[in-house]
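Listed here are the chains, written in short residue letters.
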Protein chains: 2
Amino acid sequence: MSEQVDLKLYGYWRSSATYRVRIALNLKALPYEYVPISLVADGGQHKTAEYQNINPSMLVPTFVDTDKDITLYQSLAIIEYLDEKYASGTQLMPKHTLDRARVRMYAQDIACDVQPLANSGVIKKSQTLFNANDEQTAAWSRYWISKGFTALSKKLAGRSGEYCYGYDITLVDVCLVPQVYNAERLGINMDEFPLLQKINRNCLTLDAFKDASPERQVDAK
Amino acid sequence: MSEQVDLKLYGYWRSSATYRVRIALNLKALPYEYVPISLVADGGQHKTAEYQNINPSMLVPTFVDTDKDITLYQSLAIIEYLDEKYASGTQLMPKHTLDRARVRMYAQDIACDVQPLANSGVIKKSQTLFNANDEQTAAWSRYWISKGFTALSKKLAGRSGEYCYGYDITLVDVCLVPQVYNAERLGINMDEFPLLQKINRNCLTLDAFKDASPERQVDAK
């Protein structure tokens, strides 16, 4: 218990990008210190000068290896780094170039085309700039998630097994589970996406995914 | 001239994700056939059943290797695939794990946090769902680009040389130049981002970047 932990993850319990990295750290069996950065308390702790020094983008998560003085942002970049750097636990990226490309593209289908449009910062900006009300912003988020899940379901139909890309857990699953969590919060019926729902449930039987869930974090409200 | 070209790129001249892949194909010295998919003509050629068969996400670009029957989407995944698969031309990803992570994270700063929010599909949806007018959507796009460029300028200050990540061209430059093109179209004054402006200009002295520019494409209007 007095073992020193060099890896730190600054994040927020409901941030799906943070959720991804928690899953990946668990799958890689890497102990880490979780440092909560509330996106709502104190007007947003991600906007403080102190946090801006760590991450000029004022976004979570930020990953820090205090021993090596390494600071990394962007969940997908962090996860590929962990996977390349540490042989421990689950290998999240496949070995073959083409498999790796496909895993990246499905992960980016979520991380570039869905999550950026349905996160809290974007919703807030649409409220101030477009005077969007809560009903409209919820419809906006549901639209992008449903569009993304419809396309992803078609794409994975010929690729998936127990998990998104065959029978091994990959970066795609690490991105899928937090996005399904968000979808369900927004009232999307996952019965409409049976393949994604099945994979999500398969993942959530595993401790690495369960322990990373928002509700299990120290900053969960 | 009768040489068979196996690589195809479905794209649109003004799509910045397509622009990225054009730059990468040029830097890798890979000949390819460019297949224009207009996002505006005929109500959007990306929505046709024929194109949906190629790309269920109805987005550009799509990369196809007709000889190997490989279809890939997502510009960053395509570019890393090209870089891993082909030793020709410029190596776009660094060799060291930490350098590679940083290049990915800066590229994702653009590809996940800026471009997804300021593209034509998102603008159209904000018009229909939020009744946003042209002035508001232009302000929206400028906000996300300026926010992203401000953070990226700080992050690259200690990393850049002639290009974003030191003195070799990387994936970050491939993402930066199309984003600056979009920024300038939206009336953002790049004098506010002198580091990014300098790097953009350095890139645009090179044929690989110049030949990939929107105005040089067969579908440019």
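Note that the structure is predicted; figures quoted are calculated from it, not measured.

What counts and what doesn't
- Residues numbered from 1 in each chain as written.
- Chains lettered and ligands numbered in written order.
- Predicted model: local features only at pLDDT ≥ 70, side-chain atom pairs only at ≥ 80, totals over all residues.
- Heavy atoms only, no water.
- Helix = DSSP H or I, 4+ residues; strand = E, 2+ residues; numbered from the N terminus.
- Rg over C-alpha atoms; globule rule 2.2 N^0.38 Å.
- Buried < 20%, exposed > 50% of the residue type's maximum accessible area, 1.4 Å probe, protein only.
- Contact = heavy atoms within 4.5 Å.
- Areas by Shrake-Rupley, 256 points an atom, 1.4 Å probe, with all protein chains shown as cover.
- Buried area = accessible area lost by both parts, 1.4 Å probe.
- Salt bridge = Lys/Arg side-chain N within 4 Å of Asp/Glu carboxyl O.
- Polar contact = N/O pair within 3.5 Å; in protein donor to acceptor, adjacent residues only side chain to side chain.
- Nonpolar A, V, L, I, M, F, W, Y, C, P; charged D, E, K, R; others polar.
- Least-squares fit on C-alpha atoms with pLDDT ≥ 70 in both.
- Pairing = 2+ DSSP bridges.
- Axes fitted to C-alpha atoms, helices over the stretch in contact; angles between N-to-C directions.
- Parallel < 35°, antiparallel > 145°, perpendicular 65-115°, else oblique.
- Left-handed = near helix turned anticlockwise from the far one by under 90°.
- Domains from an automatic or database assignment.

A. Here's a closer look at the overall build of chain A. When helices and strands are tallied, chain A shows nine helices and four strands. Reading chain A from its N terminus to its C terminus gives the helix and strand order β-α-β-α-β-β-α-α-α-α-α-α-α. Relative to the globule expectation of 17 Å for 221 residues, the C-alpha radius of gyration of chain A, 17 Å, shows essentially globular dimensions. Among the 221 residues that make up chain A, the fraction classed as buried is 58%. Across chain A, contacts joining residues at least 24 apart in sequence account for 65% of those joining residues at least 6 apart. As displayed, chain A has an accessible area near 9,300 Å², and 48% of this comes from carbon and sulfur atoms.

B. Quick look at the interface of chain A and chain B. Contact residues are listed per partner, giving 47 residues for chain A and 47 residues for chain B. In this assembly, chain A packs against chain B so that about 4,500 Å² is buried in total across both faces, 67% of it on carbon and sulfur atoms. For chain A, the biggest contributors to the area lost against chain B are Q74(A), F130(A) and W140(A); these three give 15% of the whole. Viewed at the interface, chain B and chain A are joined by six salt bridges. Salt-bridge contacts for R104(A) lead to E84(B); the nearest nitrogen and oxygen are separated by 3.1 Å. Between chain A and chain B we count 18 residue pairs in polar contact (both at pLDDT 80 or more) in total. Every element with two or more residues in the side of chain A that touches chain B is listed here: strand 4 (70-73), helix 3 (75-85), helix 4 (97-111), helix 5 (120-130) and helix 6 (134-156) of chain A. In terms of residue class, the side of chain A that touches chain B is built from 24 nonpolar, 11 polar and 12 charged.

C. Seen up close, the relation of the copies chain A and chain B. Once chain A has been moved 0.0 Å along the axis and rotated by 180°, it coincides with chain B to within an RMSD of 0.0 Å. Each copy turns onto its partner about a two-fold axis. Of the C-alpha atoms belonging to chain A, the one lying closest to the rotation axis is found on C112(A), 2.4 Å away. Comparing contact sets, 100% of the residues at the interface of chain A also lie at the interface in chain B, consistent with an isologous, same-surface contact.

D. Structural view of the sheet that holds strand 1 (residues 7-11) of chain B. Residues and elements named next belong to chain B. Spatially, the four strands line up as an open sheet ordered 2-1-3-4, and their pairing is mixed. The strands lining the two open edges of the sheet, one partner per strand, are strand 2 (33-36) and strand 4 (70-73). Strand-to-strand twist of the sheet, defined as the mean angle between neighbouring strand axes without regard to direction, takes the value 20°. Pairing of strand 3 (residues 62-65) with strand 4 involves four bridges; the strand directions are antiparallel.

E. Up close: the packing of helix 6 of chain A against helix 7 (residues 171-185) of chain A. Residue and element names in this part refer to chain A. For the pair helix 6 and helix 7, interaxial distance at closest approach is 11 Å and the crossing angle is 135°. The angle between helix 6 and helix 7 falls in the class oblique. Between helix 6 and helix 7 lies a crossing whose hand is left-handed. Contacts between helix 6 and helix 7 involve I145, F149 and L152 from the first element and L176, Q179, V180 and A183 from the second. Here the residues of the contact of helix 6 with helix 7 are counted per class, giving six nonpolar, one polar and no charged.

F. Up close: the packing of helix 5 of chain A against helix 6 of chain A. Residues and elements named next belong to chain A. At their nearest, the axes of helix 5 and helix 6 sit 10 Å apart, and the two run at 135° to each other. Comparing their axes, helix 6 and helix 5 come out oblique. By crossing handedness, the relation of helix 5 to helix 6 is classed as right-handed. Of the residues in helix 6, those touching helix 5 at V122, I123, S126 and Q127 are D134, T137, W140 and S141. In the contact of helix 5 with helix 6, the residues fall into three nonpolar, four polar and one charged.

G. Layout of the pattern of salt bridges. All names here are of chain B. Evaluation of the coordinates by the stated rule reveals 18 salt bridges over all chains. A salt bridge links R104 to E80, with the nearest nitrogen and oxygen atoms 2.8 Å apart. Placement of R104 in helix 4 (residues 97-111) and of E80 in helix 3 (residues 75-85) is noted, with a sequence separation of 24 residues between them. The same class applies to R104 as to E80, namely buried.

H. Here's a closer look at the sheet that holds strand 1 (residues 7-11) of chain A. Residues and elements named next belong to chain A. If you walk across this open sheet you meet the four strands as 2-1-3-4, and the pairing is mixed. What marks the edges here is a single partner per strand, and that holds for strand 2 (33-36) and strand 4. Averaged over all neighbouring strand pairs, the angle between strand axes comes to 20°, with direction disregarded. Note that strand 1 and strand 3 (residues 62-65) share four bridges and pair antiparallel. Residue pairing for strand 3: L7 is matched across the bridge by D65. Helix-sheet contacts for helix 3 involve strand 3 and strand 4, and the interaxial angle to strand 4 is about 130°.

I. Region of interest: the domain arrangement of chain A. Residue and element names in this part refer to chain A. Segmenting chain A into domains produces domain 1 (7-90) and domain 2 (97-208). Inter-centroid distance (C-alpha atoms) of domain 1 to domain 2 is 20 Å. With 14 residues of domain 1 in contact, the opposing surface of domain 2 contributes 18 residues. The junction of domain 1 with domain 2 conceals about 1,500 Å² of combined surface from both sides, 63% of it contributed by carbon and sulfur atoms. Its largest share of buried area at the contact with domain 2, domain 1 owes to R14, R20 and L76, together 35% of the area lost on that side. At the boundary of domain 1 and domain 2, one finds one salt bridge.

J. Highlighting the side chain of D83(A). Residues and elements named next belong to chain A. With respect to the secondary-structure elements, D83 resides in helix 3. Of note is the side chain of D83, whose polar atom sits 2.8 Å from the backbone nitrogen of M93. Those residues in contact with D83 that sit more than four places away from it in its chain are K28, T90, Q91, L92 and M93.

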